[in-house]
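# Geometric and topological summary
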Amino acid sequence: MSTTEWQLTVVVIAVIMDGLFILGWRDLNQRRRRSALQTRPAEPRIHIGLTKIAALPAGVITPILLVIGFAAQASFDTGPSGRALGIFLLLALIPAMGLFVYLENRSVATQANRASTELASSISGFTLSSIADYPRRTFLGTLALVISILCASQAKNIENNLMVAFLWLSSVALFIAAVVPEDWNLDVSAFWPTIRQNRIEVMVVIAILAVGAFARLNHLEKYPFGTDQDEGLFASEALRVISGERLHLFGVSWYFDHTAVYTYLQAGSMSIFGQNVSGMRALSGTMGVVSLVFTFLLARRMFGKGAAVLTLSLTSFAPFHLMFSRMGIHDMIVMLTFIPAVVYFLYSAVASRKAIHFSMAGLLLGIGLWFDYNNKIMILIPLAAGILGYVTLISRGFWKAEYPKIALTAAGAALTLLPLWSTLISLDRIWQDPARGKGLFNNPENLRLALERFQTDSVAVVLAHQIELNVLALNHIGDQSFLGAMGQRPLLDGLTGVFCFIGVAYCLWNWKKPAFGILLFLWVAGFQMGIWSDGAPQFHRLTPVIIPSYMMAALSIVILLSQWGKMLNWPKTYATAITTLIAGSITVSSLQTFLAPQNYSAAWFELCETGKAIKAWSADHNVIYLGRPWQDTQHGTILFCSNLASMDADNAADAAEVAPLPEPTRRDLAIIFSRGNLDDFEAARKFYPQATPKEWRDLQGEVMMRALLVSQAEANRMAINDKGTR
């Protein structure tokens, strides 16, 4: 959207909001006059008037907040000075929101405030010294630990995979049985009154989840277009499992050293849905739906049903949530699934003080780490520790009173991870190789490049720039800022970004309330992978920010509309209609971003077509591939995916190693050049003038791959001639 369009949008929104305010004020006065003519008890009439008057100032500020947010968006696209102005305006949202919060606190509490549970005042008397008072629980917990240790003793024993899986599931089930409440019973009939009471919400949520599931599981072979290199590697490992090869269930896979459990689950998915692209991606799609469920539950527990339904609606069609739910790789979708799941149980734990919630948070923390150990999901550990530390900070006596239950969280994580730790120790892979890290400060060369990039000698300045780039990368594309390899699309569209930053400001002013404080911490913690990594922010490093950003946006929409609803005495249908309109607008924008052909990286198309070309030509050609360095793997070869079969090709650094050939060949040549090496194509074509050129273009018409088909006779003639002239 151009600057002029942004400015026009700001003006239109301001006019609409002013018009609504004028009409609402007139309607308010008319209602007051009608009320004065009627005979009513004095006290209720005075109370209603005070409620509206108190809500009026906070409601008036809402269009100001929106205008500031949209003006900041418009400023970003006007150059460096405009970006500075945009940052200033975003910072101006904070004091403006402070005034809003002050005036809001003087009026009737909003739905979000009512739903935001304070920490439970009743503290359990359960302590470590009272373990003997719970013989059944103590026995079950001890038995769970013993079985987990027995499971861990089977490290590297591939033949015992089924037994290990059974033992592990048994230990988890026994641990849950040890902490389940004494008065718990599964009475399904007791749920029906609650469902009937909230039947509209239930129907809406089921409908949104159904559509979200359809969006994640339909036409998996079509979107994303092409197959990513990592998808090919994961799928080829799953095919090896299907063909009969085995990994230890708690071990690591063949290529990237990721844990083997995802490989086994993906192999099961491909066995059910087919050994094709759809089967390869079905597991991620299913986990994406589970992520939506936990996202709704977390927002519902924190902020009530209005914000929860809106969060679910926005997240269901979030472009990057959709994309990572439809790609057959584990790291992104594991984060999107287990981060909201763990935070949901942690928040439930600090709000209710129930041991079962502490325990479930620990179990899911351990399972999440098992799915992606030594990779991006490791953010779960500081995230859980940070949330518990935050609650300790705002609640006097929390740690002292609840340390036994916090110990249950750690015990649940350790119990699920014992077999994994045992296996990794036996493989000498308990920690990821530091040389593979891409950190900004753990690699002197990365830090040197960063200092050069920002033209400074100060590490603090580099860190400040990294924070700026990552935060602005949410919904702005600027110099160095974002996603060059992903079609230059931001994480959020402009409208969602405005509401997101308003939500951030709102949470800042309410950080002492656990729901807002934990959401703010979740949002801030999500930037860590991008801030501490080398280079400009990349889309996969911002994955933990996706869900909290949409929660922030939904929260601010509910808060702002709530103030206008109270000020104008709107019926609920008005607020519902406006919320639906906003959500619909964001959904249309999100789907356009996801479905537009120009938003699909040529890298997917390139790798897919390269794999097909190599498979087609390798039968009767010597295939030589000149690719960009990022396509090289740790094995020194380039691995391609074509029909989910991994293909190896010779790795050449530049055209000089291909033209001329160092020795005669016994077959025809197929020399492939990808983007970044197309200049070498022209040089090689001059050397082989009789070669047949071939060209591929992406969906935007840009050349993304070329090839030269050289006959054996010409290749040998040129090699002999060149050798004779040396």
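On a predicted model such as this, the values are computed, not experimentally measured, just so you know.

Moving on: a nonpolar patch on the surface. On the surface, Phe191, Trp192 and Ile195 cluster together into a nonpolar patch covering about 310 Å² of accessible area. Its place among the elements puts Ile195 in helix α7 (residues 191-197).

Attention shifts here to the environment of Ile87. With respect to the helices and strands, Ile87 occurs in helix α3 (residues 80-106). Judged by relative accessible area, Ile87 falls into the partly exposed class, the value being 28%. In this structure, the C-alpha to C-alpha distance between Ile87 and Ser75, residues 12 residues apart in sequence, is 8.8 Å. Ignoring anything within four residues of it in the chain, the contact list for Ile87 reads Phe76, Glu468 and Leu472.

Glancing now at the packing of aromatic side chains. This structure, assessed with the given rule, holds 17 aromatic pairs. When the ring of Trp370 is compared with that of Phe371, the centres are 6.3 Å apart and the planes differ by 75 degrees; the resulting orientation is edge-to-face. Its relative accessible area of 9% is what places Phe371 among the buried residues. Taking 6.1 Å as the distance between ring centres and 65 degrees as the angle between the ring planes, the aromatic pair formed by Trp617 and Trp696 counts as edge-to-face. Of this pair, Trp617 sits in helix α25 (residues 602-617) while Trp696 sits in strand β5 (residues 692-697), and the two are 79 residues apart along the sequence. For the residue pair Trp617 and Trp696, the accessibility class agrees, reading buried in each case. Members of the aromatic cluster, joined through ring pairs, are Trp168, Phe250, Phe338, Trp370 and Phe371.

This part is about the side chain of Thr665. Here Thr665 is to be found in the loop between β3 (645-651) and β4 (668-674). Here the side chain of Thr665 touches Asn622 through a polar contact of 2.7 Å, side chain to side chain. Setting aside chain neighbours within four positions, we find Thr665 in contact with Asn622, Gln712, Ala715 and Asn716.

This model, assessed by the stated rule, comprises 9 salt bridges. Between Arg706 and Glu695 there is a salt bridge, with the nearest N and O atoms lying 3.0 Å from each other. Of the two residues, Arg706 is situated in strand β6 (residues 703-710) and Glu695 in strand β5; the sequence distance between them amounts to 11 residues. On the accessibility criterion, Arg706 (17% relative accessible area) is buried. Ionic contacts of the salt-bridge type, sharing partners, join the residues Arg353, Glu402 and Lys405 into one network.

For helix α14 (residues 330-352), with 23 residues, the first-to-last C-alpha span of 33 Å sits near the 33 Å given by 1.5 Å per residue. Immediately downstream of α14, the backbone of Arg353 shows phi near 65 degrees, a positive value.

As a further point, take the pairing of β4. Across the 7 residues of β4, 6 count as buried, placing the element largely inside the fold. Bridging between strand β1 (residues 621-626) and β4 involves 6 bridges; their strand directions are parallel. Residue pairing for β4: Tyr625 is matched across the bridge by Ile672. Inspection of the sheet shows β4 paired to β6 by 6 bridges, in the antiparallel sense.

With that out of the way, let us pick up the environment of Gly69. Structurally, Gly69 can be placed in helix α2 (residues 42-76). Judged by its relative accessible area of 2%, Gly69 falls in the buried class. Considering only alpha carbons, one finds Gly69 and Val498, 429 residues apart in sequence, at a separation of 5.1 Å. Those residues within four positions of Gly69 in sequence are excluded, and the remaining contacts are Leu93 and Val498.

Moving on, we get to unusual backbone geometry. Non-glycine residue His219 carries a positive phi angle of around 55 degrees. Looking at where His219 falls in the secondary structure, it is placed in the loop between α8 (199-217) and α9 (229-242). Positioned with a positive phi, Arg353 is a non-glycine residue whose angle comes to about 65 degrees. Topologically, Arg353 is positioned in the loop between α14 and α15 (355-371). Owing to a relative accessible area of 5%, Arg353 belongs among the buried residues under this scheme.

Here helix α21 (residues 514-525) spans 16 Å end to end across 12 residues, near enough to the 16 Å set by a 1.5 Å rise per residue. With 10 of 12 residues buried, α21 lies mostly within the body of the structure. Those residues of α21 that sit buried are Pro514, Ala515, Phe516, Gly517, Ile518, Leu519, Leu520, Leu522, Trp523 and Ala525.

Between two packed helices, the angle of one axis relative to the other and the distance separating the axes together describe the packing. Viewed as axis vectors pointing N to C, helix α5 (residues 135-152) and helix α17 (residues 398-426) meet at an angle of 20 degrees, and their least axial separation amounts to 8 Å. Looking at the two axes, α5 sits roughly parallel to α17. Crossing geometry of α5 relative to α17 is assigned as right-handed. Note on element contacts: α17 touches α5 through Leu415, Leu418, Pro419 and Ser422, opposite Ala144, Leu145, Ser148, Ile149, Cys151 and Ala152. Split into classes, the residues belonging to the contact of α5 with α17 amount to 8 nonpolar, 2 polar and no charged.

Cut-off values and rules
- Residues numbered from 1 in each chain as written.
- Predicted model: local features only at pLDDT ≥ 70, side-chain atom pairs only at ≥ 80, totals over all residues.
- Heavy atoms only, no water.
- Patch = residues over 30% accessible without salt bridge, like charges linked within 9 Å, V, L, I, M, F, W, Y side chains within 5 Å.
- Areas by Shrake-Rupley, 256 points an atom, 1.4 Å probe, with all protein chains shown as cover.
- Salt bridge = Lys/Arg side-chain N within 4 Å of Asp/Glu carboxyl O.
- Helix = DSSP H or I, 4+ residues; strand = E, 2+ residues; numbered from the N terminus.
- Buried < 20%, exposed > 50% of the residue type's maximum accessible area, 1.4 Å probe, protein only.
- Contact = heavy atoms within 4.5 Å.
- Phe/Tyr/Trp six-rings, centres within 6.5 Å; stacked < 30°, edge-to-face > 60°.
- Polar contact = N/O pair within 3.5 Å; in protein donor to acceptor, adjacent residues only side chain to side chain.
- Expected span 1.5 Å × (residues − 1).
- Pairing = 2+ DSSP bridges.
- Axes fitted to C-alpha atoms, helices over the stretch in contact; angles between N-to-C directions.
- Parallel < 35°, antiparallel > 145°, perpendicular 65-115°, else oblique.
- Left-handed = near helix turned anticlockwise from the far one by under 90°.
- Nonpolar A, V, L, I, M, F, W, Y, C, P; charged D, E, K, R; others polar.

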